[in-house]
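Structure at a glance
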Amino acid sequence: MLGSYNENRTSGWKKSTIAIIGVVAMACIIGTVAIVRSNDNKFMSILNAEEHEFHEFMAIYNKVYATEEEFTHRFRIFRDNLAYIRVFNSMGDTMVLGVNEFADMDFIEFRSKYLTHRFPERQSENGETFEGLTAPTSVDWRTKGAVTPVKNQGQCGSCWAFSTTGSVEGAWFLAGHTLVSLSEQQLVDCSRAQGNMGCNGGLMDDGFKYIIANKGITTEANYPYTAKDGICNKTKAAQVAATISTYTDVTANNPTALQNAVAQQPVSIAVEADQNAWQLYKSGVVTKNCGTNLDHGVLIVGYDTTASPPYWIVKNSWGASWGMEGYIEIEISSGPGVCGINKQPSYPVV
């Protein structure tokens, strides 16, 4: 009897233990499933939020994708850029990144569409250091009426033409004339003899050389921008609205000389812009994250040495929806400067 009792008791324990183990195992499975489902829900919530943000981005910047595959491809790039923006901004840098019209492009595509394929270094310079001049601590030519509204070069490597017209517009105004928007398309179409290559790149000094040779440049209204290479319209090109007599190269890698030049007028400069610091720039001062291999022509329209860090005010040609209403601030520093900004400054003389 004792043996039968013990066997029955052992059998009961086994059944109870198996039952408990089964209940615990089922609880673990249910708990695991609940965790997985919870994580899935969080992931789907994030994904849905990002997709909603992507649709808002498409609406703001009038983005239309021809196929579902293109939509998926662009959304994937957008999510990657969005993640980069959030991580970078969490680090507390002086620069802030943000979503703009380039947020659905990867680095390689952005560079190929919006930066020059050719940005040669000038072979010589008639360097000017402005010795003896004492520049003010801050200048902003926008407040003096010497700067036209921000323009948009589109998918054409004509940045050099926009930098050229910007500095000529400022010089012409400061010489006592009415501020007028000048023609980038004329430079794109007509200045190949001076070494420029239209949408494939060029040099501001060569743009100045063309304007001098042509005895002037016409207006934007008379010779409008098309964002593509064209045949020079010599009739329109002859209807000049502004002239220059020569141009001056500011001594390279000398921020003091550059400050003295900008204190006189807006100055054409070249930078390296093929980094996220430019593609996704929103606001603040760029102090790093760009090199010194020049690939983009822009315009310095002022500076502030009293700020921390001190910075240049730079007008870009990617439209007013980019950056700070089309502008970017770059730290004033020695040597070639942040983004190479000190390497090739020049300005026209009326």
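Let us look at the structure shown here. Everything quoted here is computed from the prediction, not taken from an experiment.

**With respect to the packing of helix α4 (residues 159-174) against helix α6 (residues 204-213)**
- Remark: α4 packs on α6, axes separated minimally by 9 Å, with the N-to-C direction vectors making an angle of 60 degrees. As summarised for this structure, α4 and α6 are arranged oblique, according to the angle between their axes. Like other packed secondary-structure pairs, α4 and α6 cross with a definite hand, here right-handed. For the pair formed by α4 and α6, the contact residues are Trp160, Ser163, Thr164, Ser167 and Val168 on the first element and Met204, Gly207, Phe208 and Ile211 on the second.
- Along the lines of polarity and charge, the residues of the contact of α4 with α6 split into five nonpolar, four polar and no charged.

**Quick notes on the packing of aromatic side chains**
- Scanning the entire structure with this criterion turns up 22 aromatic pairs.
- Aromatic side chains phenylalanine 57 and phenylalanine 78 sit 5.1 Å apart centroid to centroid with 35 degrees between the ring planes, which places their arrangement in the tilted category. With phenylalanine 57 in helix α1 (residues 2-60) and phenylalanine 78 in helix α2 (residues 68-89), this residue pair connects regions lying 21 residues apart in the sequence.
- Taking relative accessible area as the criterion, phenylalanine 57 reaches 2% and is therefore assigned buried.

**A word on the state of the cysteines**
- All chains considered together, the criterion is met by three disulfides.
- Between cysteine 156 and cysteine 199 runs a disulfide, and the two sulfur atoms are separated by 2.0 Å. What sets the handedness of the cysteine 156 and cysteine 199 disulfide is the S-S torsion sign, and at about -95 degrees it is left-handed. On the criterion of sequence distance, the pair formed by cysteine 156 in the loop between β2 (138-140) and α4 and cysteine 199 in the loop between α5 (184-190) and α6 is long-range, its members being 43 residues apart.
- Judged by relative accessible area, cysteine 199 falls into the buried class, the value being 12%.
- Cysteine 290 shares a disulfide with cysteine 339; S-S distance 1.9 Å. Between cysteine 290 and cysteine 339, the S-S dihedral sits near -90 degrees, and the bridge is therefore left-handed. Here cysteine 290 is found in the loop between β5 (281-286) and β6 (296-304), whereas its partner cysteine 339 is found in the loop between β8 (327-331) and β9 (346-349), with 49 residues between them in sequence. Taken as a pair, cysteine 290 and cysteine 339 share a single burial class, namely buried.
- Here the disulfide map of the protein reads 1-3, 2-4, 5-6, the bonded cysteines being numbered as they appear in the sequence.

**Thoughts on the pattern of salt bridges**
- A complete count under the given rule lists 14 salt bridges for this structure.
- Notably, a salt bridge pairs arginine 142 with aspartate 140, separated by 2.9 Å at the nearest N-O pair.
- Glutamate 169 serves as the salt-bridge partner of lysine 151, at 2.9 Å between the closest nitrogen and oxygen. In this pair, lysine 151 is assigned in the loop between β2 and α4 and glutamate 169 in helix α4, connecting sequence segments 18 residues apart.
- A single salt-bridge network, built from bridges that share partners, covers Glu50, Glu53, Arg79 and Arg86.

**Here's the deal with α6**
- Counting buried positions along α6 yields seven of 10 residues, so the element is predominantly enclosed.
- By the burial criterion, the buried members of α6 are Met204, Asp205, Asp206, Gly207, Phe208, Tyr210 and Ile211.
- Residue lysine 215 follows α6 closely and has a positive phi angle near 60 degrees.

**Section: the pairing of β5**
- Both strand β1 (residues 95-97) and β5 contribute to a ladder of three bridges, which runs antiparallel. Residue pairing across strands places methionine 95 opposite glycine 284, the latter belonging to β5.
- Inspection of the sheet shows β5 paired to β8 by two bridges, in the parallel sense. Note that in β8 the partner of valine 285 across the bridge is glutamate 329.

**Quick look at α4**
- In a regular helix each residue adds 1.5 Å, so 16 residues correspond to 22 Å; α4 covers 23 Å between its end C-alpha atoms and thus fits that length.
- Of all the 16 residues making up α4, 14 are buried; the element is thus mostly covered by neighbouring parts of the structure.
- Just downstream of α4 lies glycine 176, where phi reads positive at about 105 degrees.

What counts, and at which threshold
Residues numbered from 1 in each chain as written. Predicted model: local features only at pLDDT ≥ 70, side-chain atom pairs only at ≥ 80, totals over all residues. Heavy atoms only, no water. Axes fitted to C-alpha atoms, helices over the stretch in contact; angles between N-to-C directions. Helix = DSSP H or I, 4+ residues; strand = E, 2+ residues; numbered from the N terminus. Parallel < 35°, antiparallel > 145°, perpendicular 65-115°, else oblique. Left-handed = near helix turned anticlockwise from the far one by under 90°. Contact = heavy atoms within 4.5 Å. Nonpolar A, V, L, I, M, F, W, Y, C, P; charged D, E, K, R; others polar. Phe/Tyr/Trp six-rings, centres within 6.5 Å; stacked < 30°, edge-to-face > 60°. Buried < 20%, exposed > 50% of the residue type's maximum accessible area, 1.4 Å probe, protein only. Disulfide = S-S within 2.5 Å. Salt bridge = Lys/Arg side-chain N within 4 Å of Asp/Glu carboxyl O. Pairing = 2+ DSSP bridges. Expected span 1.5 Å × (residues − 1).

Read these as geometric descriptors, not functional statements.
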